[in-house]
Amino acid sequence: MGLILYTGQGCCLCEQAEALLKEVDKHAASKLEKVDVRSSADLYHLFGARIPVLFREDNQTELPWPFDSFQIGEFLR
């Protein structure tokens, strides 16, 4: 399963989201791809106001902030 964390530079909530993911599933966290939404205008318009957002590539679902450990576990199932 490919996992993307849409993030922004200096985003403390994004750091919290990544730490939560590591607590829930270290394997998934080790394969996490972080994408700065400021890298493209399209990404910024889609995710800029909602970061951090976890995105699953296999089923095209997203988990926008705020989320907790339980929600991450459910999202990864």
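Keep in mind that what you see is a predicted model, and the values were worked out from it rather than measured.

> Break down helix H4 (residues 69-76) for me, with residues and values.
Every buried residue of H4 is listed here: Ile72, Phe75 and Leu76. For H4, the arc enclosing every buried residue in end-on projection is 90 degrees, short of the 170-degree limit, so these residues lie on one face. Residues of H4 that are buried sit in contact with strand S1 (3-7), helix H1 (12-24), helix H2 (26-30), strand S3 (53-56) and strand S4 (61-64). Two or three places before phenylalanine 70, at the opening of H4, aspartate 68 has a side-chain oxygen 3.2 Å from that residue's backbone nitrogen.

> Talk me through H1; I want residue IDs and the actual numbers.
Taking 1.5 Å per residue, 13 residues should reach 18 Å; H1 reaches 19 Å between its end C-alpha atoms and fits that length. All of the buried residues along H1 are Cys14, Ala17, Glu18, Leu20 and Leu21. All buried residues of H1 project into a common sector of 160 degrees when viewed along the axis, lining one side. Across from the buried face of H1, at angles greater than 90 degrees, the exposed residues are Glu15 and Glu23.

> Report on unusual backbone geometry, specifying residues and quantitative values.
The amide bond that connects isoleucine 51 to the next residue, proline 52, takes the cis arrangement and shows omega of 0 degrees. With respect to the helices, strands and loops of the structure, proline 52 is situated in the loop between helix H3 (41-47) and S3. Here the residue pair tryptophan 65 and proline 66 is connected by a cis peptide bond, since its omega of 5 degrees sits within 30 degrees of zero. Its identity as a non-glycine residue notwithstanding, glutamine 60 has a phi of 60 degrees, on the positive side. Here glutamine 60 is to be found in the loop between S3 and S4.

Rules and cut-offs
By convention here, each chain's residues receive numbers from 1 onward along its written sequence. Where local features are concerned, this predicted model is filtered to residues with pLDDT of at least 70; where side-chain atom pairs are given and counted, the filter is 80 or more; whole-chain, interface and lining totals use all residues. Water and hydrogen atoms were dropped before computing side-chain values, which therefore reflect all heavy atoms in the structure. Only protein chains enter the calculation, and the probe is 1.4 Å; a residue is then buried if its accessible area is under 20% of its type maximum, exposed if over 50%, and partly exposed in between. A run of DSSP states H or I qualifies as a helix once it reaches four residues; a run of E qualifies as a strand once it reaches two. Both are numbered from the N-terminal end. The arc under discussion is defined with respect to the helix axis, by the directions toward the C-beta atoms. Any two residues whose heavy atoms approach within 4.5 Å are treated as being in contact. Within 3.5 Å is the distance limit for a polar contact, defined as a pair of N or O atoms, with the added protein rule that one can donate a hydrogen and the other accept it, and that residues adjacent in sequence qualify only through two side-chain atoms. For a helix, the expected span equals 1.5 Å multiplied by the residue count minus one.

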